[in-house]
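# A closer look at the structure
Here is how the chains run, residue by residue.
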Amino acid sequence: MKVYLVDGTYELFRSHFGQPPRLAPDGMHVSAVRGLIQSLLALLREGKVTHIAVAFDSEVKSFRNELFPAYKDGSDTPEELKMQFPLAERAVGSLGIVYWPVREYEADDVIGSAAVKYSRNLEVDQVIICSPDKDLSQVVCEKKIVCLDRRKGVVLDEKGVLEKFGILPISMPDYLGLVGDTADNIPGIPRWGAKSSSTLLNRYIHIEDIPNTYELWDVSVRGAAALSLSLEDNREKACLYREIATVRTDLEITETLKELEWLGASKNLFPSLCRELGLGNLSNRPQKWQ
């Protein structure tokens, strides 16, 4: 059995910016919701999915904004996209799919926690995280938990993460703490780029285990002296950025594996929602009903 965990927020953003604007009969923007529905229906049809759940960032700010006020706050998210999140949750529910409207944390945290929970179930052969977000690659575990970039058709297991980033999944938060992440407004520390960070973390795994002078490093990197000086001047910041970039895996996920089983779309709710949103051409697309 495989469990699919979908980053609904990513799907909404991708659809909103990747499709022409579309309005419901009442004038509501629905292009993101339309794209999400199409994407989920394609996954259910092509992937022969039996167990699935979707997570959304219902609130833009999280505990990370308290740790680092400059962290992403959603202020650049278009209003017409924000307004579609409640509709998206209704759409997923009408498809008969479990969804998590995340508050205080982020969708990544719930996905990470769910991935760990379900991977421990002996009935589960693999948990597939449907997201290209490199943050979630830190949750990857051998071939048991993997990340799937559906757009590119690329699956990252532990070996794949190592080949792509030069580090093990466990070092990804440290990597982001050093390099930074522009998508989340995490600045990283001066001079540390992808190559130097992956080289040092491949050897030492975590920031605190990197010796405090380059003379003790037993791997060779370009500009080692300057890198070492920058790290010692900014080690505390790097550790803070790492904390911000760390996906939580200890949140309580109450849904059982059985509750994630997809039994089909609602015969009443899904067609009704499609008519309401002016998406009648999608109303008969699900291949299974309940």
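So, a few notes on the structure that sits alongside this text. (Residues numbered from 1 in each chain as written. Predicted model: local features only at pLDDT ≥ 70, side-chain atom pairs only at ≥ 80, totals over all residues. Heavy atoms only, no water.)

What the protein chain contains, in helices and strands, is 11 helices and 6 strands. The C-alpha radius of gyration computed for the protein chain amounts to 21 Å, which stays within 12% of the reference 19 Å derived for 290 residues, consistent with globular compactness. For the protein chain, long-range pairs separated by at least 24 residues make up 67% of all intrachain contacts whose partners lie at least 6 apart in sequence. Of the roughly 14000 Å² that the protein chain leaves accessible, carbon and sulfur atoms contribute 50%. Charge separation in the protein chain, taken as the distance between the mean sites of 35 positive and 42 negative side-chain charges, equals 8 Å. (Helix = DSSP H or I, 4+ residues; strand = E, 2+ residues; numbered from the N terminus. Rg over C-alpha atoms; globule rule 2.2 N^0.38 Å. Contact = heavy atoms within 4.5 Å. Areas by Shrake-Rupley, 256 points an atom, 1.4 Å probe, with all protein chains shown as cover. Lys, Arg positive; Asp, Glu negative; His and termini not counted. Charge placed at Lys NZ, Arg CZ, Asp CG, Glu CD.)

A few words now on the state of the cysteines. Defined simply, a disulfide is a covalent bond joining two cysteines at their sulfur atoms. Here the structure, examined in full by the defined rule, presents 0 disulfides. We note that C130 lacks a disulfide partner, and the nearest cysteine sulfur, in C147, lies 9.3 Å from it. Residue C147 is classed as buried on the basis of its relative accessible area, which comes to 4%. (Disulfide = S-S within 2.5 Å. Buried < 20%, exposed > 50% of the residue type's maximum accessible area, 1.4 Å probe, protein only.)

Attention shifts here to the sheet that holds strand β5 (residues 145-149). Taken together, 6 strands build an open sheet; the order of strands is β3-β2-β1-β4-β5-β6 and the sheet is mixed. Each edge of the open sheet carries a strand with a single partner, namely β3 (98-102) and β6 (154-156). With strand direction ignored, the average angle separating the axes of adjacent strands in the sheet is 25°. As defined by bridge partners, β5 adjoins β6 across 3 bridges and the pair is classed as antiparallel. Following the sheet pairing, L148 is matched in β6 by V155. (Pairing = 2+ DSSP bridges. Axes fitted to C-alpha atoms, helices over the stretch in contact; angles between N-to-C directions.)

Moving on, we get to a nonpolar patch on the surface. A surface patch of nonpolar side chains, amounting to about 230 Å² of accessible area, comprises L162, L168 and I170. Of note, L162 is situated in helix α7 (residues 158-165). (Patch = residues over 30% accessible without salt bridge, like charges linked within 9 Å, V, L, I, M, F, W, Y side chains within 5 Å. Salt bridge = Lys/Arg side-chain N within 4 Å of Asp/Glu carboxyl O.)

A few words on the packing of aromatic side chains. Here the structure, examined in full by the defined rule, presents 7 aromatic pairs. If you follow R248 out to its NZ or CZ, it ends over the ring of F63, 5.9 Å from the centre. (Phe/Tyr/Trp six-rings, centres within 6.5 Å; stacked < 30°, edge-to-face > 60°. Lys NZ or Arg CZ within 6 Å of the ring centre and 35° of its normal.)

Right, let's get into the environment of A24. Turning to its location among the elements, A24 is positioned in the loop between α1 (8-18) and α2 (31-46). Considered as a pair, A24 and E79 are 55 residues apart in the sequence and their alpha carbons are 16 Å apart. If we ignore the near neighbours within four places in the chain, the residues touching A24 are V30, E276 and L277.

A few words now on the pairing of strand β1 (residues 2-7). Counting buried residues along β1, 5 of its 6 residues qualify, which places the element largely inside the surrounding structure. Both β1 and strand β4 (residues 126-130) contribute to a ladder of 5 bridges, which runs parallel. Bridging across to β4, L5 finds its partner in I129. By the bridge criterion, 5 bridges tie β1 to strand β2 (residues 51-57) in an arrangement that is parallel. Note on β2: the bridge partner recorded for V6 is V54.

Topologically, S62 is positioned in the loop between β2 and α3 (63-67). Looking at S62, the relative accessible area reads 7%, which means it is buried. Residue contacts for S62: discarding those within four places in its chain leaves Y71, E104, Y105 and E106.

Our next topic: helix α10 (residues 224-245). Compared with an ideal rise of 1.5 Å per residue, which puts 22 residues at 32 Å, α10 spans 25 Å between its outermost C-alpha atoms and falls more than 12% short. Of all the bends found along α10, the most pronounced is centred on N234 and spans about 70°. Taken together, the buried residues of α10 touch α3, α8 (172-179) and α9 (194-204). (Expected span 1.5 Å × (residues − 1). Bend = angle between axes of the 7 residues up to and from the residue.)

Turning our eyes to something else, we now look at the nonpolar core. Counting residues in each nonpolar core, the largest one holds 54 residues, and the members touching the most others are L5, W100, Y118, W192 and W217. Setting aside chain neighbours within four positions, we find W217 in contact with W192, L200, Y204, I210, P211, A224, L227 and S228. Counting 38 residues, the second largest nonpolar core, distinct from the first, contains L41, I52, A91 and L282. (Core = buried A, V, L, I, M, F, W, Y, C linked by side-chain atoms within 4.5 Å.)

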